[in-house]
There are 2 protein chains.
Amino acid sequence: MAMDAPLPVETEDHEPPEAELIRKLMDYLTAEKMRPGMRLPAERQLAEKLGVGRAALRHVLKSLSLLGVLEMKPSAGTFVRNGTTDLLPRVLEWGVFLSPSRAEAVVEARRTLEVELAGLAAERRTGLDIGRLQHLIDQMSRKDNTASEYVDWDVQFHLAIADAARNEVLAGVLRSLQSMLSVWATRVIVSAGETETSLAMHTPILHAIIDGDAESARVAMRAHMDRATRRLYATIAADSIESFSQKTT
Amino acid sequence: MAMDAPLPVETEDHEPPEAELIRKLMDYLTAEKMRPGMRLPAERQLAEKLGVGRAALRHVLKSLSLLGVLEMKPSAGTFVRNGTTDLLPRVLEWGVFLSPSRAEAVVEARRTLEVELAGLAAERRTGLDIGRLQHLIDQMSRKDNTASEYVDWDVQFHLAIADAARNEVLAGVLRSLQSMLSVWATRVIVSAGETETSLAMHTPILHAIIDGDAESARVAMRAHMDRATRRLYATIAADSIESFSQKTT
DNA sequence: TTACAGAAATTGGTTATCCAATTTTGAGTT
DNA sequence: AACTCAAAATTGGATAACCAATTTCTGTAA
């Protein structure tokens, strides 16, 4: 049959048409020098300006607002936002769930970032940072903590270190990884009654940061991460991964 | 006036209703033991089953498909996909680019990741990885390269290292940082005729990776990054930072 | 029995219309 | 001139009808 081929308009049809729209939108935002808090044009106007249907535009706006780039207020308008929603990591959980091999990558990535951030924090921490970290350690030391309360303080401690490192990019990535692992992190502490050991490993980190000793901070954090990683894998091995639909909030 | 307060149902009303829907959807997928490649129910049925409008469901499905969790084929159905999309790093990009003050953070983050990935690559590289890296170095060595061709090979070299490190998460983050800085990277090479020096700093990295010497790989990469960072800042200082809307594809 | 057209049903995609709520406007009053 | 308050315009949100393309079913011819 010699009917001519259907004209390969593109080798990769996996290029979603939405991606192009997103590009247009982002170009528009940059061109208009939109800053966080500013309102962007009404959907109808914007749709016409970009040459697309309102529904398509709507999908993109929704997606971006779910990711924390925009915020859509009913009857008010759509605004630029610089924050990051925890929905992105939430979605990543699904990806991690699907491919357990990636879970290892997440754990390792977190370990790497934590270590480097601890080092940076030791070099750059201010008095305010030290106070904050000390306070969090104090909270972790309380005897009447429930397991989940302890985990909360623990997470905040690590995020505070990330903040003290003065690198929003690395801190942001860590935040995402953190929330991805939070589900399992809770199990580790809960299942092992690990709070004392965990606490004992945090104080050297704090002291190294206070001393401004970057290398010690890295070493201490590395030790902490190695142990936490081992406990994590042990816990994962114990339960097989099945129930994945519970939640924080 | 003693009318009682409007009952603070929630301190944070910024909880988008879509988040709840995503949760429901995820729960459904896990409950039905959906695996990549499987088709999920038609939009209309699914919408009714979840008790939401089709539009709302549609937004969520679109968002998830943009993130690579799902794939929507017109007239065929929506399918589960093992979530890998370059839009994930793209998101990180958006979050970062809104505040150009984060440029330094991006540079530093890249430096950190490159160093660690080089170390991991030295530990995990296969023969195939070595061959690829060697090939890329050979390409970079060609005398008839244009500046932009050289930069392309350079970028590929670094990404190949990231691949050899066997950590999709760190590699993905690096990729997004890379594309953010690619514009300036070109300028550095072009403006300085830096190819010889650049090449001279790449070979020690390759050799350390071939030898499986993680620490040497880190040191070599760190030296390379430090120099590149200095040249980058010099270039940035020359031009002021203004245009930030470019793109890779 | 098998192969193959063609019709019917089902799919995601698009558009148009309406809705509720907020914001803005402006006349009227103090 | 300043303030009130209601009406009108504008906003995002939701729904229903429609469209094009694919898939599936079915009946007929080989």
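Refer to the structure presented above.
Everything numeric here is computed off the predicted structure, so don't read it as measured data.

The rules behind these values
Residues numbered from 1 in each chain as written. Chains lettered and ligands numbered in written order. Predicted model: local features only at pLDDT ≥ 70, side-chain atom pairs only at ≥ 80, totals over all residues. Heavy atoms only, no water. Core = buried A, V, L, I, M, F, W, Y, C linked by side-chain atoms within 4.5 Å. Buried < 20%, exposed > 50% of the residue type's maximum accessible area, 1.4 Å probe, protein only. Contact = heavy atoms within 4.5 Å. Near = heavy atom within 4 Å. Polar contact = N/O pair within 3.5 Å; in protein donor to acceptor, adjacent residues only side chain to side chain. Helix = DSSP H or I, 4+ residues; strand = E, 2+ residues; numbered from the N terminus. Nonpolar A, V, L, I, M, F, W, Y, C, P; charged D, E, K, R; others polar. Axes fitted to C-alpha atoms, helices over the stretch in contact; angles between N-to-C directions. Parallel < 35°, antiparallel > 145°, perpendicular 65-115°, else oblique.

A. Structural view of the nonpolar core. In terms of nonpolar packing, the biggest core is built from 81 residues, with Ile161 of chain A together with Ile161 of chain B touching the most fellow members. With residues near it in sequence (within four places) discarded, Ile161 of chain A still touches Leu117, Ala118, Ala121, Leu133, Ile205, Ile209 and Met221 of chain A. By size, the runner-up hydrophobic cluster in this structure holds 20 residues, among which are Leu66 of chain A together with Met26, Tyr28 and Leu70 of chain B.

B. Representation of the protein's contact with DNA strand D in the model. Lining the immediate surroundings of DNA strand D are 18 residues, of which Glu43, Arg44, Arg54 and Arg58 of chain A together with Ala55 of chain B lie closest. Counting only atoms of DNA strand D within 4 Å of the protein, the sugar-phosphate share comes to 60%. Here a phosphate oxygen of DNA strand D sits 3.0 Å away from a polar atom, N or O, in the main chain of Glu43 of chain A. Here Gln45 of chain A contributes a side-chain N or O atom positioned 3.4 Å from a phosphate oxygen of DNA strand D. When residues of the surface near DNA strand D are traced back to their parent elements, those giving at least two are helix 2 (43-50), helix 3 (54-66), strand 2 (70-73) and strand 3 (77-80) of chain A together with helix 3 (54-66) of chain B. Here the residues of the surface near DNA strand D are counted per class, giving four nonpolar, six polar and eight charged.

C. Spotlight on the protein's contact with DNA strand C. With respect to spatial proximity, 18 residues lie near DNA strand C, and among them Ala55 of chain A together with Ala42, Glu43, Arg54 and Arg58 of chain B are the closest. Counting only the atoms of DNA strand C that lie within 4 Å of the protein, the sugar and phosphate share comes to 64%. Here Ser75 of chain B contributes a backbone N or O atom positioned 3.3 Å from a sugar or linking oxygen of DNA strand C. Residue assignment for the surface near DNA strand C shows that the elements contributing at least two residues are helix 3 of chain A together with helix 2 (43-50), helix 3, strand 2 (70-73) and strand 3 (77-80) of chain B. Taken together, the residues that form the surface near DNA strand C break down as four nonpolar, six polar and eight charged.

D. Broad picture of the packing of helix 1 (residues 17-31) of chain A against helix 3 of chain A. Residue and element names in this part refer to chain A. For the pair helix 1 and helix 3, the least separation of the axes is 10 Å and the interaxial angle reads 75 degrees. It follows from the interaxial angle that helix 1 and helix 3 lie roughly perpendicular. Packed against helix 1, whose contacting residues are Glu18, Leu21, Ile22 and Leu25, the element helix 3 presents Ala56, Leu57, Val60, Leu61 and Leu64 at the interface. Classifying every residue of the contact of helix 1 with helix 3 gives eight nonpolar, no polar and one charged.

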